[in-house]
Amino acid sequence: SARVPDWKMKIVGDGPERERLLQEIDELGLQDSVSILPFSHELERFYQESRVFLFCSRFEGFPNVVLEAMSFGLPVVAVRSPGAIADLVQPGATGELAELGDLEDLSDQLVRLMSDESLCRTMSANARQSIERFGRASVLQEWRKVLSW
């Protein structure tokens, strides 16, 4: 994008929309900025190489991939959609939420993070800390409460 020319977007995975997305990338002249990589079992490498995670699913019950990204300290820009995303991403703290169907809002939120290194660092630390509630110790403690009821 012209607004953040040094950034590259990597889409990892395959699916029925792959060819359509490749065509759109070509039509928009984004071949140097956006790439679609094949499915990989080694996602850790992609998380480590990234600085922001974009999640634009219109519905996802509980997006494990968002927790994975946050565990690597990635701020998340996501679509405010049905499901648990609003419980995971805290706007202004661990990432940003854009309104469902508002591509301009999504783009603005993403560019805002991409343009502010200090904000990304702060959100990165917050993201790691915020998911501790889903860690083993926290979950076991909750199960103990339930089982001793």
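Relevant structure appears above.
Residues numbered from 1 in each chain as written. Predicted model: local features only at pLDDT ≥ 70, side-chain atom pairs only at ≥ 80, totals over all residues. Heavy atoms only, no water.

**Side note on the sheet that holds strand β5 (residues 95-99)**
So, point 1. Taken in spatial order, the three strands make up an open sheet running β3-β4-β5, and their pairing is parallel. Lying at the two open borders of the sheet, with one neighbouring strand each, are β3 (53-55) and β5. Going from strand to strand, the sheet's axes swing by 20° on average, the running direction of each strand aside.
So, point 2. In the sheet, β3 pairs with strand β4 (residues 76-80) via three bridges, with the strands oriented parallel. Note on β4: the bridge partner recorded for Phe53 is Val76.
So, point 3. Sheet strands touched by helix α5 (residues 103-114): β3, β4 and β5. Its angle to β5, the strand with the most contacts, is close to 165°. (Pairing = 2+ DSSP bridges. Helix = DSSP H or I, 4+ residues; strand = E, 2+ residues; numbered from the N terminus. Axes fitted to C-alpha atoms, helices over the stretch in contact; angles between N-to-C directions. Contact = heavy atoms within 4.5 Å.)

**Some remarks on a nonpolar patch on the surface**
So, point 1. A surface patch of nonpolar side chains, amounting to about 370 Å² of accessible area, comprises Trp143, Val146 and Leu147.
So, point 2. Topologically, Val146 is positioned in helix α7 (residues 136-147). (Patch = residues over 30% accessible without salt bridge, like charges linked within 9 Å, V, L, I, M, F, W, Y side chains within 5 Å. Areas by Shrake-Rupley, 256 points an atom, 1.4 Å probe, with all protein chains shown as cover. Salt bridge = Lys/Arg side-chain N within 4 Å of Asp/Glu carboxyl O.)

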